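So you can see what is in the structure, the chains are spelled out below.
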Amino acid sequence: MPALDPARTALVLVDLMERVVALPLAPRPGTDVLAAATRLADTFRAAGAPVVHIRVERPNADAAAQPPGSELVPGLVHDGEPVVVKRTLGGFHATGLHELLTGLGATTLVLGGVATNLGVESTARAAADLGYGLVFAEDAMSALTADEHRASVDLGFPRLGTVAAVSAISLDGPR
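Residues numbered from 1 in each chain as written. Predicted model: local features only at pLDDT ≥ 70, side-chain atom pairs only at ≥ 80, totals over all residues. Heavy atoms only, no water.

Examining the overall build of the protein chain
Inference 1: When helices and strands are counted, the protein chain shows five helices and six strands.
Inference 2: The C-alpha atoms of the protein chain give 15 Å as radius of gyration, which agrees with the globular expectation for 175 residues (16 Å, within 12%).
Inference 3: Taking the principal axes of the C-alpha coordinates as reference, the protein chain spans close to 40 × 35 × 30 Å.
Inference 4: Counting every position in the protein chain, which comprises 175 residues, the buried fraction comes to 49%.
Inference 5: Nonlocal contacts in the protein chain, meaning residues at least 24 apart in sequence, comprise 82% of its contacts between residues at least 6 apart.
Inference 6: On the protein chain, roughly 7,700 Å² of surface is accessible, and the fraction owed to carbon and sulfur atoms is 55%.
Inference 7: Side chains of the protein chain carry 13 positive and 19 negative charges; the gap between the two charge centres is 2 Å. (Helix = DSSP H or I, 4+ residues; strand = E, 2+ residues; numbered from the N terminus. Rg over C-alpha atoms; globule rule 2.2 N^0.38 Å. Buried < 20%, exposed > 50% of the residue type's maximum accessible area, 1.4 Å probe, protein only. Contact = heavy atoms within 4.5 Å. Areas by Shrake-Rupley, 256 points an atom, 1.4 Å probe, with all protein chains shown as cover. Lys, Arg positive; Asp, Glu negative; His and termini not counted. Charge placed at Lys NZ, Arg CZ, Asp CG, Glu CD.)

A closer look at the nonpolar core
Inference 1: Judged by nonpolar contacts, the single largest core of 33 residues is most densely connected at Leu11, Leu16, Leu40, Phe44, Val110 and Ile169.
Inference 2: Every element with two or more residues in this core is listed here: strand E1 (9–14), helix H1 (18–21), helix H2 (30–47), strand E2 (51–56), strand E4 (108–114) and strand E5 (133–142).
Inference 3: Sorting elements by how many residues they give to this core places H2 first, with eight residues.
Inference 4: For Leu40, the contacting residues outside a window of four places in its chain are Leu11, Val110, Ala137, Val166 and Ile169.
Inference 5: Formed by 21 residues, the second largest nonpolar core is a distinct cluster that contains Ala10, Val14, Ile54 and Phe157. (Core = buried A, V, L, I, M, F, W, Y, C linked by side-chain atoms within 4.5 Å.)

A short note on the sheet that holds strand E6 (residues 162–164)
Inference 1: On the basis of which strands lie adjacent, the open sheet formed by six strands has the order E3-E2-E1-E4-E5-E6 and parallel pairing. Edge positions in the sheet fall to strand E3 (83–86) and E6, since each of these pairs with one other strand and no more. With strand direction ignored, the average angle separating the axes of adjacent strands in the sheet is 25 degrees.
Inference 2: Taken together, the six bridges between E4 and E5 define a ladder with parallel strand orientation. Within E5, the residue paired with Val114 across the bridge is Ser142. (Pairing = 2+ DSSP bridges. Axes fitted to C-alpha atoms, helices over the stretch in contact; angles between N-to-C directions.)

Focus: the pairing of E4
Inference 1: Counted residue by residue, E4 has seven buried out of seven residues, so it is predominantly covered.
Inference 2: Of the two faces of E4, the one lined by Thr108, Val110, Gly112 and Val114 and the one lined by Leu109, Leu111 and Gly113 are each fully buried.
Inference 3: As defined by bridge partners, E1 adjoins E4 across six bridges and the pair is classed as parallel. In the sheet register, Ala10 faces E4, and the bridge partner there is Leu109.
Inference 4: Crossover handedness for the path E4 to helix H4 (residues 116–129) to E5: right-handed. (Right-handed = clockwise from strand over helix to strand, strands pointing away.)

All quantities given are derived from atomic positions and should not be read as evidence of function.
See the structure below:
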């Protein structure tokens, strides 16, 4: 996979919240997803490329009514990194994510998170509709079952972009 342009690429991490990462996930546990996502975020930060976090809140409920563990995993978000709150499966509907990414100059998105076939895939489909180039960090995502993960990674994602391991994703250098 060719190196990505850090001035035009953003990492988007979906629903890496304490309660979600703790779910029984497959094909890999949430701790492995979090470790891979953290390595990828560090690569983006070193290149000066943006890292954007998305977390879900239940619709029609205030922040105090969210279940325990609804915050992003401690230490994941670094100072100055945007956190987008969604109330649907995907990260674009009524969140300002598209405007945020446009303002950052992003034309390509690298996606990771949980669940592969839900939040990540829904966000990816909307991103594709908006014209973003997509890269899927396969080992920085997981689902509730291995079959659901594999269906997205093997069947859906290749039609939308490039599927790659975190170790294969690189950026050209500092922004």
